[in-house]
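Examination of the molecular architecture
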Amino acid sequence: MTTTTSPTARLMDGSALARRMVEEAAARAAALTARTGQAPCLATVLVGDDPASVTYVRMKRNRCAKAGIQSRHLALPADTTTAQLVDTIGELSHDSGVHGILLQHPVGPHIDERAAFEAIAPEKDVDGVTAHSFAAMSLGMDGFVSCTPGGIMRLLDHYDVDLTGKHAVVVGRSAILGKPVGMLLLGRNATVTYCHSRTADLAAHTRAADVVIAAVGRPRFLHGDQLKPGAVVIDAGCNAGNVGDVDFDSAAAVASLITPVPGGVGPMTIATLLTQTVDAASRQLGA
């Protein structure tokens, strides 16, 4: 049941924080280019011509240009095989002119996406999708975080959300969002419960949560009556029509903090990608 009371939650403005992060990345990119004569470079790889993926890649490349980051785009045909994709990514991994690699996903059911991800050199995995990066996130080691989880953590920090001892429920278990964000939360001393679309009595878990990360990929999947009053709600969903995984109106009437869709987690994902690309270039260029 959807409530209709006035919103009480404070909005977590990802757009504003992302702008600051991109400005900082742009300044660092300019300084790095001046010192080394080489601008940070992100290679984007797209298989096929899925309209949403084409749009996402174009947006990321445009943001790169505005931040002084070069981009190299490889558009591969839809019938590209796993072996061909792995070879392409392998070439980019060995190219000293490329500092970060982004494989736009999904890549199509005929491709072994995990094999393609693992072809990315760890030092160029600025999207945080390899097993190496996941292990680093899980063990608190130096490495690149998955961009959406990393953006979520930056947003929580910006709004002074103290995670120590808090119960965080992650609704979703994808390899690049649900699982890694749970590891990052655990590393910040939260008590983490993983749930998903098949969890029995999901509401019993979410009503006990101080922090809820909705990353299940289903529009308006979570409602206000499934939340604990005063909970922090992070909507990482991105469904057709700019609709999140949370029913915003009912959730905003219960939560203390909530991310909007759009304007919440999405901008933070791209800002994290650009920040990590500059980080990668700095390390590889020794500057």
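First things first, this report covers the structure right here in the doc. In this text, all values refer to a predicted model and were calculated from it rather than measured experimentally. (Residues numbered from 1 in each chain as written. Predicted model: local features only at pLDDT ≥ 70, side-chain atom pairs only at ≥ 80, totals over all residues. Heavy atoms only, no water.)

Brief notes about the overall build of the protein chain
Broken down by element type, the protein chain carries ten helices and nine strands. Relative to a compact globule of 287 residues, whose C-alpha radius of gyration would be 19 Å, the protein chain shows 19 Å and is just as compact. Each principal axis of the C-alpha distribution contributes one length, and for the protein chain these read about 55 × 40 × 35 Å. By residue count, 50% of the 287 residues in the protein chain fall in the buried class. Surface exposure of the protein chain reaches about 12600 Å², of which carbon and sulfur atoms provide 54%. Positive and negative side-chain charges in the protein chain, numbering 24 and 27 respectively, have mean positions lying 4 Å apart. (Helix = DSSP H or I, 4+ residues; strand = E, 2+ residues; numbered from the N terminus. Rg over C-alpha atoms; globule rule 2.2 N^0.38 Å. Buried < 20%, exposed > 50% of the residue type's maximum accessible area, 1.4 Å probe, protein only. Areas by Shrake-Rupley, 256 points an atom, 1.4 Å probe, with all protein chains shown as cover. Lys, Arg positive; Asp, Glu negative; His and termini not counted. Charge placed at Lys NZ, Arg CZ, Asp CG, Glu CD.)

Quick look at the sheet that holds strand E6 (residues 191–195)
Across a sheet, strands are paired by hydrogen bonds formed along the backbone, either parallel or antiparallel in direction. Strand order in the open sheet formed by six strands is E1-E9-E8-E7-E5-E6, with parallel pairing between adjacent strands. Each of the sheet's edge strands pairs with one partner strand only, and the pair in question is strand E1 (10–11) and E6. Taken together, the two bridges between strand E8 (residues 232–235) and strand E9 (residues 257–258) define a ladder with parallel strand orientation. If you follow Val 232 over to E9, its bridge partner there is Leu 257. (Pairing = 2+ DSSP bridges.)

Topic: the sheet that holds strand E4 (residues 100–103)
Spatially, three strands are ordered E3-E2-E4 in an open sheet, and the strand pairing comes out parallel. Each of the sheet's edge strands pairs with one partner strand only, and the pair in question is strand E3 (70–76) and E4. With strand direction ignored, the average angle separating the axes of adjacent strands in the sheet is 20°. When strand E2 (residues 41–47) meets E4, the two strands line up parallel, connected through four bridges. In the strand pairing of E4, Ala 43 is matched with Ile 101. Strands E2, E3 and E4 of the sheet are contacted by helix H2 (residues 51–66), whose axis makes an angle of about 170° with E2. (Axes fitted to C-alpha atoms, helices over the stretch in contact; angles between N-to-C directions. Contact = heavy atoms within 4.5 Å.)

Digging into unusual backbone geometry
Of note, the bond from His 105 into Pro 106 is cis; its omega dihedral lies within 30 degrees of zero at 5°. With respect to the helices and strands, Pro 106 occurs in the loop between E4 and helix H4 (113–118). Cis geometry is adopted by the peptide bond preceding Pro 262, which originates at Val 261 and carries an omega value of 0°. With respect to the element layout, Pro 262 can be found in the loop between E9 and helix H10 (265–284). The phi angle at Asn 189 is positive, at roughly 75°, despite the residue not being glycine. Looking at the element boundaries, Asn 189 is found in the loop between helix H7 (178–187) and E6. In this structure, Asp 201 is a non-glycine residue whose phi angle is positive, near 50°.

A closer look at a positive patch on the surface
Taken together, the side chains of Arg 173, Lys 179, Arg 198 and Arg 218 make up a positively charged region of the molecular surface. Structurally, Arg 173 can be placed in the loop between strand E5 (167–171) and H7. (Patch = residues over 30% accessible without salt bridge, like charges linked within 9 Å, V, L, I, M, F, W, Y side chains within 5 Å. Salt bridge = Lys/Arg side-chain N within 4 Å of Asp/Glu carboxyl O.)

A word on the state of the cysteines
Evaluation of the coordinates by the stated rule reveals zero disulfides. Residue Cys 64 stays outside any disulfide, its sulfur separated by 8.5 Å from that of Cys 41, the closest cysteine. (Disulfide = S-S within 2.5 Å.)

Points about the side chain of Asp 245
Residue position: Asp 245 is located in the loop between E8 and helix H9 (248–252). In this structure Asp 245 is buried but unpaired, with Arg 218 as the nearest side chain of opposite charge at 8.4 Å. Side-chain polar atoms of Asp 245 contact the backbone nitrogen of Val 216, separated by 2.8 Å. Separated by 3.2 Å, the side chain of Asp 245 and the backbone nitrogen of Arg 218 make a polar contact. Residue contacts for Asp 245: discarding those within four places in its chain leaves Ala 214, Ala 215, Val 216, Gly 217, Arg 218, Pro 219, Arg 220, Phe 221, Leu 222, Asp 235, Gly 237 and Asn 239. (Polar contact = N/O pair within 3.5 Å; in protein donor to acceptor, adjacent residues only side chain to side chain.)

Considering the environment of Ala 43
With respect to the helices, strands and loops of the structure, Ala 43 is situated in strand E2. Note on Ala 43: relative accessible area 0%, which makes it buried. It is 38 Å that separates the C-alpha atoms of Ala 43 and Asp 210, two residues lying 167 residues apart in sequence. Setting aside residues up to four positions removed in sequence, Ala 43 forms contacts with Arg 72, Leu 92, Val 98, Gly 100, Ile 101 and Leu 102.

Distances and angles like these do not, on their own, reveal function.
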